[in-house]
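Remarks on the overall topology
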Amino acid sequence: MTQPQPAYKRILLKLSGEALMGDDAFGINRATIVRIVGEVSEVINLGVEVAIVIGGGNIFRGVAGGAVGMDRATADYMGMLATVMNSLALADTMNKAGLTARVMSAIAIDQVVEPYVRPKALQYLEEGKVVIFAAGTGNPFFTTDTAAALRGAEIGAEMVLKATKVDGVYTADPKKDPAAKRYSQLSFDDAIGQNLGIMDATAFALCRDQKLPIKVFSIFKNGALRRVVLGEDEGTLVHV
């Protein structure tokens, strides 16, 4: 039986920190992270080069009460450190599953992870390693969505895959409106015009300017990541 051919050679997967929580209130759910790694492993086995940007909401949520009234830049740096913790957990799970993962941080913590250096990241991807970009852009006031768009453009990814809890972008909230329809594809201008809030404005504008398509899909739907990579009608494609 011939191996199916992926539609993309190199992708940037954006995972929210919340995706690692499973049904827990905060933190990392072991079964959930193992399942996500399994989904990524299927894609690696197709020969696709995978880079990942992960958020920190699952950890930051646990300290959010103490962050009330805190300086925004300080809170953002705390969030960056939370993404480093998630990246280490993800890389460890991947290495135990037989993949080779490398964490690269936008802020210097050399004793823990290596710094982000673009040529090194490209080398790792070409060697078949999973590269996990931690600490966002390294700057406060920028989200991990923006980090995903930035790193995706820097490494020459063919697509940014935004993993969410819903299986695409809908005309209305599918939980509230049973008649809501999933868009198979959308233009950037339509998404902006309808204020669909797929990513924050900075990230969205960067993807549009770089002609970097975004695919919104559910990471909780078994096999969805593989179907996206194979070019099947899964999720919602946002393009120029």
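In this text, all values refer to a predicted model and were calculated from it rather than measured experimentally. (Residues numbered from 1 in each chain as written. Predicted model: local features only at pLDDT ≥ 70, side-chain atom pairs only at ≥ 80, totals over all residues. Heavy atoms only, no water.)

**A word on the packing of helix α1 (residues 30-44) against helix α3 (residues 72-96)**
The interhelical angle for the contact between α1 and α3, taken along N-to-C directions, is 60 degrees, at an axis separation of 10 Å. You can see that α1 and α3 cross each other, and the crossing is right-handed. Residues R30, I33, V34, V37 and V40 of α1 pack against A89, L90, T93, M94 and K96 of α3. Its residues placed into classes, the contact of α1 with α3 shows seven nonpolar, one polar and two charged. (Axes fitted to C-alpha atoms, helices over the stretch in contact; angles between N-to-C directions. Helix = DSSP H or I, 4+ residues; strand = E, 2+ residues; numbered from the N terminus. Left-handed = near helix turned anticlockwise from the far one by under 90°. Contact = heavy atoms within 4.5 Å. Nonpolar A, V, L, I, M, F, W, Y, C, P; charged D, E, K, R; others polar.)

**Some details on the pattern of salt bridges**
The final tally for this structure, using the stated rule, is 15 salt bridges. Here E49 and K9 are joined by a salt bridge, their closest N and O atoms 4.0 Å apart. Here E49, found in strand β2 (residues 49-54), pairs with K9, found in the segment before β1 (10-15); they are 40 residues apart in sequence, far enough to count as distant. You can call K9 partly exposed: its relative accessible area is 48%. In this structure, K96 engages D92 in a salt bridge whose closest nitrogen and oxygen atoms are separated by 2.8 Å. Note that K96 and D92 are positioned in helix α3 at a spacing of four residues, about one turn of the helix. Relative accessible area serves as the criterion here: at 36%, D92 is assigned to the partly exposed category. Residues joined by salt bridges that share partners form a network here, namely D167, K221, R227 and E234. (Salt bridge = Lys/Arg side-chain N within 4 Å of Asp/Glu carboxyl O. Buried < 20%, exposed > 50% of the residue type's maximum accessible area, 1.4 Å probe, protein only.)

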